[in-house]
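# Structure at a glance
Residues per chain are reported as follows:
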Amino acid sequence: MKYVDELRDGATARRLAAAIAAEADPDRGYRFMEFCGGHTHAVFRYGVPDLLPPNVHLIHGPGCPVCVLPVGRVDAAIELARRPEVILCTYGDLLRVPGSRRSSLLRARAEGADVRMVYSPADSLRIAREHPDREVVFFAIGFETTTPPTAVVVRRAEAEGLANFSVVSNHVLTPPAMAHLLDSPELDGPAAPSLDGFIGPSHVSTIIGSAPYEPFAREHGRPVVIAGFEPLDVMQAIRMLIRQVNAGRAEVENEYTRAVTRVGNRKAQELVSAVFAVRESFEWRGMGSVPGSGLEVRPEYAHLDAERRFGVAVGQPRENRACICPSVLRGAARPTECTLFGTTCTPDHPMGSCMVSSEGACAAHYAYGRTRERAEA
Ligand code: SF4
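As the structure is a prediction and not an experimental result, all values here were calculated from the model. (Residues numbered from 1 in each chain as written. Predicted model: local features only at pLDDT ≥ 70, side-chain atom pairs only at ≥ 80, totals over all residues. Heavy atoms only, no water.)

## Things to note about the state of the cysteines
- Scanning the model with the defined rule gives 0 disulfides in all.
- Looking at the unpaired Cys36, the closest cysteine sulfur is the one in Cys64, lying at 8.9 Å. (Disulfide = S-S within 2.5 Å.)

## Some points on the environment of Phe310
- Within the secondary structure layout, Phe310 lies in helix 14 (residues 306–310).
- Classification of Phe310 by relative accessible area gives buried; the value is 11%.
- Spatially, the C-alpha atoms of Phe310 and Val290 are 25 Å apart, while their sequence positions differ by 20 residues.
- Excluding residues that lie within four positions of it along the chain, Phe310 makes contacts with Leu80, Arg83, Glu85, Val86, Glu135, Val137 and Ser166. (Helix = DSSP H or I, 4+ residues; strand = E, 2+ residues; numbered from the N terminus. Buried < 20%, exposed > 50% of the residue type's maximum accessible area, 1.4 Å probe, protein only. Contact = heavy atoms within 4.5 Å.)

## Digging into helix 7 (residues 121–130)
- Taken residue by residue, helix 7 has Pro121, Asp123, Ser124, Leu125, Ile127 and Ala128 as its buried positions.
- On its buried face, helix 7 is in contact with strand 3 (86–90), strand 4 (115–117), strand 5 (135–142), helix 8 (147–160) and strand 6 (165–171).

## Overview of the domain arrangement of the protein chain
- Partitioning the protein chain into domains gives domain 1 (1–319) and domain 2 (324–374).
- Placing a centre on the C-alpha atoms of domain 1 and another on those of domain 2 gives a separation of 18 Å.
- When domain 1 packs against domain 2, close to 2,400 Å² is buried across both sides, 62% of that on carbon and sulfur atoms.
- Run the count over domain 1 and domain 2 and you get 0 salt bridges.
- When residues of the side of domain 1 that touches domain 2 are traced back to their parent elements, those giving at least two are helix 2 (37–45), strand 2 (56–63) and helix 3 (65–68).
- Here the side of domain 1 that touches domain 2 gets 6 residues from one element, more than from any other, and that element is helix 2.
- Here the side of domain 1 that touches domain 2 is composed, by residue class, of 17 nonpolar, 8 polar and 6 charged. (Domains from an automatic or database assignment. Buried area = accessible area lost by both parts, 1.4 Å probe. Salt bridge = Lys/Arg side-chain N within 4 Å of Asp/Glu carboxyl O. Nonpolar A, V, L, I, M, F, W, Y, C, P; charged D, E, K, R; others polar.)

## Considerations on the sheet that holds strand 2
- Reading across from one edge, 2-1-7-8-9 is the order of the 5 strands in this open sheet, with parallel pairing throughout. Each having just a single partner strand, strand 2 and strand 9 (252–254) make up the two edges of the open sheet. Shown here is a sheet whose adjacent strand axes are inclined to one another by a mean of 25°, direction ignored.
- Pairing analysis gives 6 bridges linking strand 1 (residues 30–36) to strand 2, with the strands arranged parallel. The partner of Met33 across the bridge, within strand 2, is Ile59. (Pairing = 2+ DSSP bridges. Axes fitted to C-alpha atoms, helices over the stretch in contact; angles between N-to-C directions.)

## Re the packing of aromatic side chains
- In total, this model carries 6 aromatic pairs according to the counting rule given.
- Both rings, one in Phe198 and one in Phe216, keep their centres 5.4 Å apart while their planes meet at 75°; by these two values the pair is edge-to-face. Remark: Phe216 occurs in helix 11 (residues 214–220) and Phe198 occurs in strand 7 (residues 197–200); sequence separation between them is 18 residues. Each member of the pair, Phe198 as well as Phe216, carries the same accessibility label: buried.
- Ring centres 6.1 Å apart and planes at 70° place the aromatic pair Phe341 and Tyr366 in the edge-to-face group. Of this pair, Phe341 sits in the loop between helix 15 (325–329) and helix 16 (361–376) while Tyr366 sits in helix 16, and the two are 25 residues apart along the sequence.
- Three or more aromatic residues link up through ring pairs in this structure, and these residues are Phe35, Phe143 and Trp284. (Phe/Tyr/Trp six-rings, centres within 6.5 Å; stacked < 30°, edge-to-face > 60°.)

Here's what the structure looks like:
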């Protein structure tokens, strides 16, 4: 297939749906997690669940970098932004994520903090050049896909000798989080999702390749199929997962061969490892502390690390107890199980992080899933 329309073709989707129905064993259930928020968005947008037999379930995972940032780190960003010498730069979605006591970066800006929305890390570097008398901090978030551009600006700032620029790294890693979902005792219990396999992230995999998932599939006995973001990609991945489950296999397969290779982008990987080191552990919203899942700026670039430079401390947050984002993020609850969904909490007035980004499960469900549920009712 060469054009995007071909990957959204209705007739092909119906044929694929029939093949899935024929191959799915009616005597068992299949529960597959789409780890990545981009897949969650595609699943809702194109009504993929409507094309699946009732015993094939899709569970939404934690793969939205805005959603998984814990409230304590949002609070830390707000505190940093309130320093008079600081210009805090970050991506637009993060401005709206609620911190403790319904605070947010947007609210801090309304109260006088200098918070600027940027489209890329390079924008924050430009702002640092334009304001040599201020401290410009880039509050970086994202999975493996967005880490290389942050590494580029760290190297660039070093090369230019920019003394007023630094970065808070909230970059996180996918494979350790997938493993943590399955083998963490604190996520166990009746509300924990039982999963038969994963639809693996696609953008992330263009950088890291498919190989890093191989130990996970082997050790946890769960298949992983890396899929693109189009509806036929997702459906084909589901079919491949069903085949693996039926055959008792747990391997990594790549449906997204048009963009992902086994080894990924070596140049980007080298750049990231030159600038960042793996943290012992990192806190994920909904999953707690996940070993080896975050990146920090290497000591060689300590002067460009805002966490060291400003002594950024992550305190005890005050969570909104009615928001069940943590359960939604680990696949233990559906957005509609939240009492605030669609009433107090909407994309215009988000009460939790899952309603902020379009990749968040609550926002995707609000945009596309409600219509289907109304029709069913
Ligand atoms: S509906 Fe809103 S408050 Fe409820 S879980 Fe989703 S984001 Fe959180």
